[in-house]
Amino acid sequence: MSEKKIDKDKLEYLDIAKGIGIILVVFGHALTEKYAAASSFWFVLRRAVYFTHMSIFFIISGFLFEYKKDSYSKKGFGQFFTKKATVYLVPYVFFSVLILLILRLASLVGIGGIFDNVNILSSNWLDNLLMIITFEHHPDNHLWFIYVMFVVLMIGFWIKKLPLLPFIILFYLFYAATWFFDFPEVVWKVMRYLFLFQIGRIIRQRDKWIKKANIILLIIVWVIGLIGMLHFSTADNYRFQAVIRPFVEVSGALIVLKISLFLTTYRRAGKAVEVLKKLGQNSYPIYLIHQPYIVPIVLFIIERIGLPIFCNILIATFIGLAVPLLLYKLIIKRCKILNLLVTGNH
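Small disclaimer: the values here were computed from a predicted structure and weren't measured.

**Let's talk about a nonpolar patch on the surface**
Here is step 1 of the chain: On the surface, I216, I219, I220, V223, I224 and I227 cluster together into a nonpolar patch covering about 530 Å² of accessible area.
Here is step 2 of the chain: As for its placement among the helices and strands, I227 is situated in helix α12 (residues 215-232).

Structure follows, in C-alpha cells:
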C-alpha cells in the first residue's frame, strides 16, 4: 500500500468528525434562541452544542496545518496567502455583498422579518464597506468563521517553526483575557481560536493521543465543564468561564474525534460513516449556504404549520444540510465562477 493511501486512510476519521461537526452547526442554528427560551432542556442542549461545534473545525484545521506544514514552508508565504485568501476571503466578500443585497430587497418587499439583522442596514456604502472590513455589526454573523479562520491560518504560518507548548500556554492566556477586556468581535475570536488551532497542531504531533484517550474521562470533563459554564453564565462571577470553557471545547472536540475514529473501524456503521464522510467533505459549502439562506427561511415557513418544536428543529436541520449539499453538487461545483465565489475553489 502506498504512503499516500496510508495517509488517506489515516485521516479518514477527520472527514467523519467534520460531518458530525457540520450536523451540530446546522442543528445549533435550527435550535434558535426563541426555542431555547421555551424550556430548560432546549436551553441546555443549545449551549452544549455551541460550546462544542466550532472547536471541532479549528482543532482539525490545526491538525491539517501541522500535517502539511513542510509543504507550506517549501511553497512560501506568498503562495500560502494566495491560496487561503481565495478559499476564505473571496467567499467572505461574496456572501457579505449577497446578504446586503438580499436584506435590502427583503425590506423593500416587506419580508424583512425573516432575517434578524435587517434593521442594521445602512444606506451609506462606505458604512457597509467598513462593516465588511471590520466585521463589526455584520448582518451575516456566521461569516465570522471564515474571517477568523483566515487570520488564524496567517498567524499559524508565521509561528509554525516556534515551539508549540509555550504558544499553547500563551494563547490560553489570550483566551482567558477575552473575558476581562473589551475586544472587537474578530479580535477576541482570533484570540480564542488560536488556542484551539494550536491544540490541533499538537494532536497531530502526538497522533496516538486520540487512540489512547479515555472517552469516559473526556465525557466526565466535558459534562463537569458544561455544568460549570451553565452555572457561571448566570452568576456574577461569570469570568470563571475563562478557565472552564477551553476545557469544555477541547474535551468536546476530542470526544467527536474519538467517536469518529471508532466509526472508521465499526463495520455495522458503514452507511452512517459514508453519510458523515460525505457531509464532512462538503462541510464548507454547507456551512456557507445553510445560514441565513436556508435554515431561517425553512423555520419561517414551517412555524406557520404549528408543529412541535422538535419537529421544526429536525426538519430545518435536515433541509439545512440537504439543500446546500445538492446546490453545491448539482449547480455550484459545475460552474467555475460560482465555485470560486461561493467556496473559493475549496
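**Comments concerning unusual backbone geometry**
Here is step 1 of the chain: In this structure, the amide linkage connecting Q291 to the following residue, P292, adopts the cis form with an omega of 5°.
Here is step 2 of the chain: Here P292 lies in helix α15 (residues 283-293).
Here is step 3 of the chain: Positioned with a positive phi, H137 is a non-glycine residue whose angle comes to about 60°.
Here is step 4 of the chain: Looking at where H137 falls in the secondary structure, it is placed in the loop between α7 (125-134) and α8 (144-158).
Here is step 5 of the chain: On the accessibility criterion, H137 (64% relative accessible area) is exposed.

**Section: the side chain of H29**
Here is step 1 of the chain: Structurally, H29 can be placed in helix α2 (residues 12-30).
Here is step 2 of the chain: What H29 contacts, discounting residues up to four positions off in sequence, is Y50, H142, H290, Q291, V295 and L299.

**What about the nonpolar core?**
Here is step 1 of the chain: Grouped together as the largest cluster of nonpolar side chains are 110 residues, with contacts concentrated most on I22, F58, W144, F145 and L257.
Here is step 2 of the chain: The contacts of L257, once residues within four sequence positions are left out, are Y13, L14, A17, I59, I60 and I210.

**Observations regarding the side chain of R245**
Here is step 1 of the chain: Examined against the element boundaries, R245 turns out to sit in helix α13 (residues 241-263).
Here is step 2 of the chain: If sequence neighbours within four positions are ignored, R245 has contacts with Y50, F51, Y175, W179, R192 and M229.

**A closer look at helix α16 (residues 295-302)**
Every α-helix winds through 3.6 residues per turn, so residues three or four apart in the chain are directed the same way.
Here is step 1 of the chain: Within α16, the full set of buried residues consists of V295, P296, V298, L299 and I302. Axial view of α16: buried residues confined to an arc of 160°, hence all on one face.
Here is step 2 of the chain: Buried positions along α16 lie against α2, α3 (33-36), α15 and α17 (309-330).

**Section: the packing of α12 against α13**
Here is step 1 of the chain: Here α12 crosses α13 at 145°, and the two axes come no closer than 8 Å. When you trace α12 past α13, the crossing you get is left-handed. Only Q241, I244, R245, F247, V248, S251, G252, L254, I255, K258 and I259 of α13 make contact with α12, whose side of the interface consists of I215, L218, I219, V221, W222, G225, L226, G228, M229 and F232.
Here is step 2 of the chain: Of the residues that constitute the contact of α12 with α13, the class distribution is 14 nonpolar, 5 polar and 2 charged.

**So, the pattern of salt bridges**
Here is step 1 of the chain: Taken as a whole and assessed by the stated rule, the structure comprises 8 salt bridges.
Here is step 2 of the chain: Across the salt bridge formed by E12 and K277, the nearest N and O atoms sit 2.7 Å from each other. One end of the pair, E12, is in helix α2; the other, K277, is in helix α14 (residues 270-281), and 265 residues separate them in sequence.
Here is step 3 of the chain: Given a relative accessible area of 23%, E12 falls into the partly exposed group.
Here is step 4 of the chain: A salt bridge links K69 to E66; the nearest nitrogen and oxygen atoms lie 2.9 Å apart.
Here is step 5 of the chain: K69 sits in the buried class, given a relative accessible area of 18%.

**Digging into the packing of aromatic side chains**
Here is step 1 of the chain: Per the counting criterion, the structure on display carries 33 aromatic pairs.
Here is step 2 of the chain: Relative to Y293, the ring of F95 has its centre 5.7 Å away and its plane inclined at 45°; by these criteria the two rings are tilted. Placement of the pair is F95 in helix α6 (residues 69-109) and Y293 in helix α15, with a sequence separation of 198 residues. One exposure class covers both F95 and Y293, and it is buried.
Here is step 3 of the chain: Put simply, the rings of F65, Y72, F77, F80, F81, F150, F157, W158 and F197 touch in pairs and so form one group of aromatic residues.
Here is step 4 of the chain: When the ring centre of W179 is taken as reference, the NZ or CZ atom of R192 above it lies at 3.7 Å.

How each quantity is defined
- Residues numbered from 1 in each chain as written.
- Predicted model: local features only at pLDDT ≥ 70, side-chain atom pairs only at ≥ 80, totals over all residues.
- Heavy atoms only, no water.
- Patch = residues over 30% accessible without salt bridge, like charges linked within 9 Å, V, L, I, M, F, W, Y side chains within 5 Å.
- Areas by Shrake-Rupley, 256 points an atom, 1.4 Å probe, with all protein chains shown as cover.
- Salt bridge = Lys/Arg side-chain N within 4 Å of Asp/Glu carboxyl O.
- Helix = DSSP H or I, 4+ residues; strand = E, 2+ residues; numbered from the N terminus.
- Buried < 20%, exposed > 50% of the residue type's maximum accessible area, 1.4 Å probe, protein only.
- Contact = heavy atoms within 4.5 Å.
- Core = buried A, V, L, I, M, F, W, Y, C linked by side-chain atoms within 4.5 Å.
- Arc of directions from axis to C-beta.
- Axes fitted to C-alpha atoms, helices over the stretch in contact; angles between N-to-C directions.
- Left-handed = near helix turned anticlockwise from the far one by under 90°.
- Nonpolar A, V, L, I, M, F, W, Y, C, P; charged D, E, K, R; others polar.
- Phe/Tyr/Trp six-rings, centres within 6.5 Å; stacked < 30°, edge-to-face > 60°.
- Lys NZ or Arg CZ within 6 Å of the ring centre and 35° of its normal.

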